[in-house]
Each structure stands twice: as C-alpha cells, then as structure tokens.
Amino acid sequence: MNNADFVARDLAVLWHPCTQMQDHEWLPLVPIRRGAGVWLEDYDGKRYLDAISSWWVNLFGHVNPRISAAVATQASQLEHVIFGGFSHEPALLLAERLVALTPPTLSRCFFADNGSAAVEVALKMSYHYWRNSGIAGKSRVINLTGAYHGETLGALGMGDVGLYRDAYAELLRAPITAPSPDAYARERGESWAAVAQRRLADMQALLERHAHEVCAVIIEPLVQCAGGMRMHHADYLTGLRALCDRYQVHLIADEIAVGFGRTGTLFACEQAGIAPDFLCLSKGLTGGYLPLAVVLTTDTVYQAFYAEYASERAFLHSHSYTGNPLGCAAALATLDIFATEPVLERNRALAAAMARQTAHLVDHPHIAEVRQTGMILAIELVRDKASRAPFPWQERRGLRVYQHGLEQGVLLRPLGNVVYFMPPYVITEDEIAHLARVACRGIDLAVAD
Ligand SMILES: *Cc1c(COP(=O)(O)O)cnc(C)c1O
C-alpha cells in the first residue's frame, strides 16, 4: 500500500481528532508505517522528524527497545485484570516508584486511563473531600486564563481556550477564572517574577471573595501548553501554594504535559519547591506507548474517604482499564530509563542547543518572542513586532509552517501562531539544527505577504 491508497481508505471510514476533516481535501493526511527514535516513516518511504513528540507523549523515541521489550514481556504474562478487588505487580511497583519520586506528602496513587480522566478524578476527589469533611458549599473551581485540562466535559469546563471550549459552553460548568501569570503578557520592562507577583495579588483577591465556595485551584505548572506554550515564573507556584493553604482550598497540579522532565526537572513543581494536593500525570508517563494516567494525592485526602461502608464516603469512580498492566509495564520501563541514564543532564545540553539554534530569531520582524522552559521552546509569530498585534487567526499562518515542515520531513504542529519544539529526549544536536533550519525557513515563508 502507498500513501494515496491508504489515505483514500482512511478518509472513507475514519474521523481524526482535533481536525476539520474537510482540510484533508487539500492538506495531506500522513499514514505512518513505522517509527524509530525521533523518526516516523510513511507508506511512500518518506521520513519525518517528530519535533512534537506525537502530541507531547513520547519521551525516549518511537519503538524504544527497552519499553517495547517490557510491554511484550508483560503481554505474555497478564494483559489486564479488573482493578477493583484485584491487583497486580506492575501497578504496585509503579505506585511505589511514583510515591518515591514525588514530594513526601503525596502518598496515594489512583489510576485512570487518559489525561482528561485524571483531571476528572482530581476534581471529583477535591469536591468530595470537602463534602466528606463536613464542609458544605465548596463546589466551584478556580482556573486560569489560557488553561487547558482536556476534552471531556468536566475537564473541558476547566479550560479557557475558546477554540475547544466555546461550542460547548452550554454544557459546561463555569469556573472562576483568574488571570494567568503568563509572562508574554508582561508590561514593557517588567520581569517574569514581577508578573507572577501581580497575578498572585489577583488570585488572592478572588480567594478572598470566593474561597468559601471553592474546592480547588487547578493549574498547569510553569507552561500552559495547549494555550500556546505560555510560560510563567516558578514564584507563582510558590505563592499559589501559600494562598491555597491560607484560604483552605486544594491545589491541583496538572502536570500531564509538563511532567517527566519537559521543564528541566522531573516534575515542574520541583522548581518552586512545592507539593500540590493532587498531582495529575499522563502523556509521558508511559513514554508515549499506552494510554495511562494517575492522580497522586495526600494521606489527608485519603483518610477523608476511609470509613465504614455505610457512611457512604467511598470514592466510587472507576474506568474499565484502570491500572492496565501493559501501560504500567511501559511506565516502569520509562522510569527505569530515568533511573539508569543521565536524562535530565543530557536534556540540559539539548535545551541549550535548541536555544542556540533559534537565538537569531529575536531580531525577526514577525517574531515577538522566543521563550523556553527546559525542553519546550516556543516562537510567537506576530503581524506587528512593536505592538505584538497577532496575525488574524483565519490566516492560519502556523498551518503554513506545518505544511512546509511536512514537505521537508519535519513534524511541527504549531498552536495557532505559536511554533514550538517539544522533541523526544533522544534527539541529537544535529537533528535539532536541522529542525531549527526547517522551522525558520517555514516561518519566513509563512509570514511573507
Ligand atoms: C493533554 C492534556 C490533558 C488531557 O489529556 P488527554 O490524555 O489528551 O485526555 C490535560 N491537561 C493537560 C495540561 C494536557 O496537556
């Protein structure tokens, strides 16, 4: 089968995610036959450098020998078993390791099967905790402008990206939205740290008014990814932790995208020295192999549910594939790589290479900013550099960069007018240089006329 044959059959029966399917009348759909490391290969034999880790999930390359072997071994032993009333070794070992790797107060793991589900679990647990503790009325959540927490209705309700949210607004419960500490929105001459302080004051004002009806604040620590790779200073997290303690609301850290080394530390919260009440993990958890998610929480939360059955305090949430052994085996193999190789140290060199290869873009007339947190680097395209006026979204400038990338064998998938690199950690410095060259040329073409 070649690409054309594949695509004809695909478009006859499939409906792809996050896609206006009509685009595929002119935009090529790319069928992938195999992967190896940072490379993907289509049915015509063309190769693509996966610069976005296949939607931020892949950490150590496609068909990683260690992870593939672990999944194969597990598949020959136990593929799945009901996780209510039954248990298995991969889930036990994974929970022990996650508890050891995260702050000491996070001592319990509740598994789910995708990121949105993890967010739903954290939201339900937080609300239910206050209810079980006899504190009534804490049923609202504070989120941030530009937030993204997934697509199921509960998680989508916590988001603030209009593109995904607006069509469903009537179905969603409105959160209380605080202004993001997004450093891109800083005043001229203002530091990232100063923006954080200003936004903490806004958050405090909201908590002052609403804490009695709020169960939790939910945040993507350090980088709001789907909202356009907007970044903030770690001081915001430190200050937010203190405010949540002071006003008696939970802090939910959604590290689904930023966890597992993306920001330079294993978890983003480490850079602020804080522990959330709920830590949501998915995406990189399995190295990009299988859908699996986990919510870590505290003994305090756990104890509020731990009671005689008739007290009706139990957390009765479940998913059929909770704690799937194949996913847990992939996650264990992924953690083994972190444990046996200097991953974060190597990533510092790769992150520096990404910075070097894009440094010249600061002077580009249509680039407002190149920002970076660890292994995430983002380039903000604008119509007018001085005023930072954006290109109208209808012009789809980022999509032109995507198209150029595909032609040149690089998978970039800009978020609106934000071009970003978030590659697997097995990328080389030469591949980064290649990726940057293709991206820069794509940007020049995309902003012309
Ligand atoms: C991707 C993402 C989610 C949703 O995860 P899915 O597995 O796609 O449901 C939630 N929060 C953040 C921050 C994400 O990036």
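The structure presented is a predicted model; accordingly, all values stated were derived computationally and were not measured.

1. A closer look at the overall build of the chain
Move 1: For the chain, the count of helices and strands is 14 helices and 16 strands.
Move 2: Taken over C-alpha atoms, the radius of gyration comes to 22 Å for the chain, in line with the 22 Å a tight globule of 449 residues would show.
Move 3: Here the C-alpha coordinates of the chain stretch approximately 65 × 60 × 45 Å along the principal axes.
Move 4: A burial count over the chain gives 55% of its 449 residues as buried.
Move 5: Within the chain, contacts between residues separated by at least 24 positions form 70% of all contacts whose residues are at least 6 apart in sequence.

2. Brief notes about helix H8 (residues 192-210)
Move 1: The end-to-end C-alpha distance of H8 is 27 Å, a good match for the 27 Å that 19 residues give at a rise of 1.5 Å each.
Move 2: Looking at H8, one finds that the buried residues are Val195, Ala196, Arg199, Leu200, Met203, Leu206, Leu207 and His210. Down the axis of H8, the sector holding all buried residues measures 135°, keeping them to one side. In this structure, H8 carries Glu208 and Arg209 as exposed residues pointing more than 90 degrees from its buried face.

3. Section: the sheet that holds strand S5 (residues 140-144)
Move 1: The strand order across the open sheet formed by seven strands is S4-S12-S11-S10-S7-S5-S6, and the pairing between neighbours is mixed. Either end of the sheet is taken by a strand with one partner, and the two such strands are strand S4 (106-112) and strand S6 (176-178). Put simply, the sheet's adjacent strands are angled 20° from each other on average, direction ignored.
Move 2: Bridging between S5 and strand S7 (residues 214-219) involves three bridges; their strand directions are parallel. Note on S7: the bridge partner recorded for Arg140 is Val214.
Move 3: Contacts from helix H4 (residues 89-101) reach S4, strand S11 (278-281) and strand S12 (293-298), with the element oriented near 135° to S4.

4. Details of the packing of aromatic side chains
Move 1: Taken as a whole and judged by the stated rule, the model has 12 aromatic pairs.
Move 2: Here Tyr129 and Trp130 contribute two aromatic rings whose centre-to-centre distance is 4.9 Å and whose plane-to-plane angle is 80°, an arrangement assigned as edge-to-face. Like Tyr129, the residue Trp130 is buried in the burial classification.
Move 3: Taken together, the ring pairs in this structure connect Phe60, Phe260, Phe267, Phe338 and Tyr425 into an aromatic cluster.
Move 4: Over the aromatic face of Tyr302 sits the side chain of Arg108, whose NZ or CZ is 3.6 Å from the ring centroid.
Move 5: In this structure, Arg371 packs its charged tip against the face of Tyr184, placed 5.3 Å from the ring centre.

5. Some thoughts on the pairing of S5
Move 1: In terms of burial, S5 is largely enclosed, as four of its five residues are buried.
Move 2: Bridge count between S5 and S6: three bridges; the pairing is parallel. Bridging from a neighbouring strand, Asn143 pairs with Thr177 of S6.

6. Overview of the side chain of His128
Move 1: The residue His128 is located in helix H5 (residues 115-132) in this model.
Move 2: Note on His128: relative accessible area 16%, which makes it buried.
Move 3: Leave out the neighbours within four places in its chain, and His128 touches Phe305, Glu312, Arg313, Ala314 and Phe315.

7. Some details on the pairing of S12
Move 1: With respect to burial, S12 is a largely interior element, six of its six residues being buried.
Move 2: Burial along S12 is two-sided: the face carrying Ala293, Val295 and Thr297 and the face carrying Val294, Leu296 and Thr298 are both buried.
Move 3: Taken together, the six bridges between S4 and S12 define a ladder with antiparallel strand orientation. The residue bridging Phe110 from the neighbouring strand is Val295, located in S12.
Move 4: Here S11 runs beside S12; their pairing, made up of four bridges, is antiparallel. Within S12, the position partnered with Cys280 by the bridge is Val295.

8. Observations regarding the site of the ligand
Move 1: By nearness alone, every residue bordering the ligand is listed as Trp56, Asn114, Gly115, Ser116, Tyr148, His149, Gly150, Glu220, Asp254, Ile256, Ala257 and Lys283.
Move 2: At a separation of 2.6 Å, an oxygen atom of the ligand approaches a polar side-chain atom of Lys283.
Move 3: Coverage of the ligand by the protein amounts to 83% of the 380 Å² it exposes when considered alone.

9. Re the domain arrangement of the chain
Move 1: Assigned domains within the chain: domain 1 (3-63 + 342-446) and domain 2 (68-340).
Move 2: Centre-to-centre separation of domain 1 and domain 2, based on C-alpha positions: 26 Å.
Move 3: Of the residues lining the interface, 32 residues belong to domain 1; the matching set on domain 2 comes to 32 residues.
Move 4: Interface area for domain 1 against domain 2, summed over the two sides, is near 2,700 Å², with a carbon-plus-sulfur share of 62%.
Move 5: Looking at the side of domain 1 facing domain 2, the largest losses of area belong to Trp56, Arg371 and Thr373, adding up to 22% of the total buried there.
Move 6: At the boundary of domain 1 and domain 2, one finds two salt bridges.
Move 7: In this structure, the salt-bridge partner of Glu380 is Arg230, at a minimum N-O distance of 3.2 Å.
Move 8: At the junction of domain 1 and domain 2, the tally comes to 14 residue pairs in polar contact (both at pLDDT 80 or more).

Rules used in this analysis
- Residues numbered from 1 in each chain as written.
- Predicted model: local features only at pLDDT ≥ 70, side-chain atom pairs only at ≥ 80, totals over all residues.
- Heavy atoms only, no water.
- Helix = DSSP H or I, 4+ residues; strand = E, 2+ residues; numbered from the N terminus.
- Rg over C-alpha atoms; globule rule 2.2 N^0.38 Å.
- Buried < 20%, exposed > 50% of the residue type's maximum accessible area, 1.4 Å probe, protein only.
- Contact = heavy atoms within 4.5 Å.
- Expected span 1.5 Å × (residues − 1).
- Arc of directions from axis to C-beta.
- Pairing = 2+ DSSP bridges.
- Axes fitted to C-alpha atoms, helices over the stretch in contact; angles between N-to-C directions.
- Phe/Tyr/Trp six-rings, centres within 6.5 Å; stacked < 30°, edge-to-face > 60°.
- Lys NZ or Arg CZ within 6 Å of the ring centre and 35° of its normal.
- Near = heavy atom within 4 Å.
- Polar contact = N/O pair within 3.5 Å; in protein donor to acceptor, adjacent residues only side chain to side chain.
- Areas by Shrake-Rupley, 256 points an atom, 1.4 Å probe, with all protein chains shown as cover.
- Domains from an automatic or database assignment.
- Buried area = accessible area lost by both parts, 1.4 Å probe.
- Salt bridge = Lys/Arg side-chain N within 4 Å of Asp/Glu carboxyl O.

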